[in-house]
Amino acid sequence: MYVGDIEVEMKENMQKDKVSIIIPVYNVEQYLERCINSVLNQTYTNIEIILVDDGSTDNSGAICDKYKDMDNRIDVIHKKNGGLSSARNIAIPLIKGTYVVFVDSDDWIDSDMITDMVKIIKEYDADIVSCEVVRTTGVDNNDYKKKYDKSITTYTKDEYLQIYFKIKGNKTIYYAHSKIYKKEVIEENLYPIGLTSEDVVGTLKTILNSNKIVNVNYPYYNYYININSITGSFSEKDFDLLDIWDEVIDICKKNDNSAYVNYAKLNRNRINYTLLMRMAINLKYKDIDKLYKDKKIQLLNNLKKNKKEILNNKLPLSRKITIQMICLNYRLSCWLFYALGKRGK
């Protein structure tokens, strides 16, 4: 056997397990090709890509079909618009791979992400491997990424849930993306239909179905920030967070773990602050204050009621200060946040 044959055989053995990559698509014609190309250009080639066109009204559906004709590893589903959850959920029963990855259609992944993360999930016999995320406007981030050392940290389910619930640290790990999962931890109907912030629920379910989670300290996942669309908008859908965390509490109760239930309730109480802050920092906070006056009062009363419990937990000092400010005088706090926002422009 020649050296070249040995290298081919080694690669085939390393890539014997198929990876299913689910990409929900909705009106992203400007960014979709960048996303798909980043997946097709993976050094790990044993993949299937499931593109779910969620009723796009632009050219996104046609782009999906074009790529399907170009590469037989791609399947396309066209469906009526039902939101991100329904797009992901409809693809889950079609998974053929041993492992699963979710990628958002305006983001992209480094070419060695799948190779490295499959190697890690096998080597550590993990159920989930997560990586870091770089938030980018599309510029080259290679110099920024050099500070990451690709070190590995392993967690038990309980340890990772304490990070998820922000009992230890303040890192946000709710996202479906930037992870590779064993197929076994992915349930059908993983994501709640009709609600935003669905990743909070879906990620919890996958963690509860796991025993070992590993994080690699490297940002293989590139999260695109469209600076033209950051308007600080606030709408009725923002209040979905309350329903999302109510569902998290219900899931923890069914899991029959009192610690998880208490963690979930603490986070549910924190959401009062989160929503009040979203309203306060909005440039149209006066209009929002009038439109959602009753809900604002209810959020404020709940925050005051649970303030002591929230402040007794680990939070950044700046957040503790803003919680105290909001509870003392919400209207004055809004004015200060508005003034500081204008000053920063």
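Before reading on, note that the structure itself is shown above.
As a convention, each chain's residues are numbered from 1 in the sequence order in which they are written. Under the rules for a predicted model, residues below a pLDDT of 70 receive no local features and side-chain atom pairs below 80 are neither given nor counted, while totals for whole chains, interfaces and linings still include all residues. Processing note: side-chain calculations cover all non-hydrogen atoms of the structure and skip hydrogens and water entirely.

To continue, consider the packing of aromatic side chains. Think of it this way: a Phe, Tyr or Trp ring, Trp meaning its six-membered ring, pairs with another when their centres are within 6.5 Å, and the plane angle makes it stacked under 30 degrees, edge-to-face over 60, tilted otherwise. Throughout the structure, instances matching the rule amount to 16 aromatic pairs. Summarising the aromatic geometry, the rings of Y31 and Y224 are spaced 4.8 Å apart at their centres and angled 45° between planes, so their arrangement reads as tilted. Here Y224 lies in strand β9 (residues 212–224) and Y31 lies in the loop between β1 (19–25) and α2 (32–40), a separation of 193 residues in the sequence. Judged by its relative accessible area of 13%, Y224 is buried. Between the aromatic rings of F234 and F239, the centroid separation amounts to 5.5 Å while the plane-to-plane angle is 85°, which identifies the pairing as edge-to-face. The pair F234 / F239 is uniform in exposure class, with both members buried. Taken together, Y164, F165, Y174, W245 and Y263 form an aromatic cluster joined through their ring pairs. The ring of Y224 is capped by R34, whose NZ or CZ atom sits 4.7 Å from the centre of that ring. Either the NZ atom of lysine or the CZ atom of arginine qualifies as a charge over a ring when it sits within 6 Å of the ring centre and within 35 degrees of the ring normal. Directly above the aromatic system of Y218 lies the positively charged group of K150, at a separation of 4.9 Å from the ring centroid. Helix and strand assignments come from DSSP, with helices taken as H or I runs of at least 4 residues and strands as E runs of at least 2, each series counted from the N terminus. Partly exposed describes any residue whose relative accessible area lies between the buried limit of under 20% and the exposed limit of over 50%, with all areas from a 1.4 Å probe on protein chains only and scaled to the type maximum.

Contact geometry for helix α12 (residues 293–311) and helix α13 (residues 317–328): axes closest at 10 Å, N-to-C directions at 145°. Both α12 and α13 take part in a crossing whose hand is left-handed. Two secondary-structure elements touch here, α12 through L300, L303, K304, K307, I310 and L311 and α13 through K320, I323, Q324, I326 and C327. When residue character is reported, Ala, Val, Leu, Ile, Met, Phe, Trp, Tyr, Cys and Pro are called nonpolar, Asp, Glu, Lys and Arg charged, and the others, Gly included, polar. In terms of residue class, the contact of α12 with α13 is built from 7 nonpolar, 1 polar and 3 charged. To get an axis, a line is fitted to the C-alpha atoms, and for a helix only the part in contact is used. The angle between two axes follows their N-to-C directions and goes from 0 to 180 degrees. Crossings are classed by handedness, with left-handed meaning an anticlockwise turn of the near helix from the far one by less than a right angle and right-handed meaning a clockwise turn. When checking whether two residues touch, look at their non-hydrogen atoms; a contact exists if any pair is within 4.5 Å.

The terminal C-alpha atoms of α13 lie 17 Å apart, and with 12 residues this matches the ideal 16 Å at 1.5 Å per residue to within 8%. Those residues of α13 that fall on the buried side of the exposure criterion are T322, I323, I326 and C327. What you see down the axis of α13 is that its buried residues fit within an arc of 135°, all on one side. Seen from the buried face of α13, the exposed residues on the opposite side, beyond 90 degrees, are L317, S318 and L328. Between the first and last residue of a helix there are one fewer steps than residues, each counted as 1.5 Å, and that sum is the expected span. The directions considered for the arc are those from the helix axis to the C-beta atoms.

In terms of burial, β9 is a largely internal element, 10 of the 13 residues being buried. Pairing geometry for strand β7 (residues 152–156) and β9, over 5 bridges, is antiparallel. Within β9, the position partnered with I152 by the bridge is V216. Here, strands pair whenever DSSP counts at least two bridges between them.

Once that is clear, we can look at the layout of surface pockets. One number sums up the size of the second largest pocket: a volume of about 350 Å³. Among the elements that make up the lining of the second largest pocket, the one with the highest residue count is strand β6 (residues 128–136) (5 residues). Here the lining of the second largest pocket is composed, by residue class, of 8 nonpolar, 5 polar and 4 charged. Both site types are read off a 1 Å grid over the protein atoms alone. A 1.4 Å probe that fits but cannot get out defines a cavity, while an open set with protein on both sides within 12 Å along at least five of seven lines defines a pocket; lining residues have an atom within 4 Å of a point. Grid points are joined across faces, edges and corners, and a volume is the space filled by probe spheres set on the points.

Take the side chain of K166 next. Here K166 lies in the loop between α7 (157–164) and β8 (179–182). One buried charge, K166, has no salt-bridge partner; the nearest side chain with opposite charge is E132, at 13 Å. As used in this structure description, the phrase polar contact means that two N or O atoms lie within 3.5 Å; if the pair is within protein, one of them must be able to donate a hydrogen and the other to accept it, and residues adjacent in sequence are counted only when both atoms belong to side chains. Polar contacts involving the side chain of K166 include one to the side chain of T172, which spans 3.0 Å. If sequence neighbours within four positions are ignored, K166 has contacts with K171, T172, Y174, R270 and K314. Positive: Lys, Arg. Negative: Asp, Glu. His and the chain ends are not part of the count. Salt bridge criterion: a side-chain nitrogen from Lys or Arg within 4 Å of a carboxyl oxygen from Asp or Glu.

Moving on, we come to the state of the cysteines. Only a pair of cysteine sulfur atoms within 2.5 Å qualifies as a disulfide here. Counting across every chain of the model gives 0 disulfides. The thiol of C131 is unpaired, and the distance to the nearest cysteine sulfur, on C35, comes to 14 Å. For C131, a relative accessible area of 6% translates into the label buried.

Turning to the packing of helix α10 (residues 258–280) against α13, a few remarks are in order. Their axes nearest at 11 Å, the elements α10 and α13 cross at an angle of 80°. What the angle tells us is that α10 and α13 run roughly perpendicular. Facing α10, whose interface residues are Y273, L276 and M277, α13 presents R319, T322, I323 and I326. Across the contact of α10 with α13, the residue classes tally to 5 nonpolar, 1 polar and 1 charged. Roughly parallel means an angle under 35 degrees; roughly antiparallel means over 145; roughly perpendicular covers 65 to 115; every other angle is labelled oblique.

Functional significance is not addressed by these values, which are geometric in nature.
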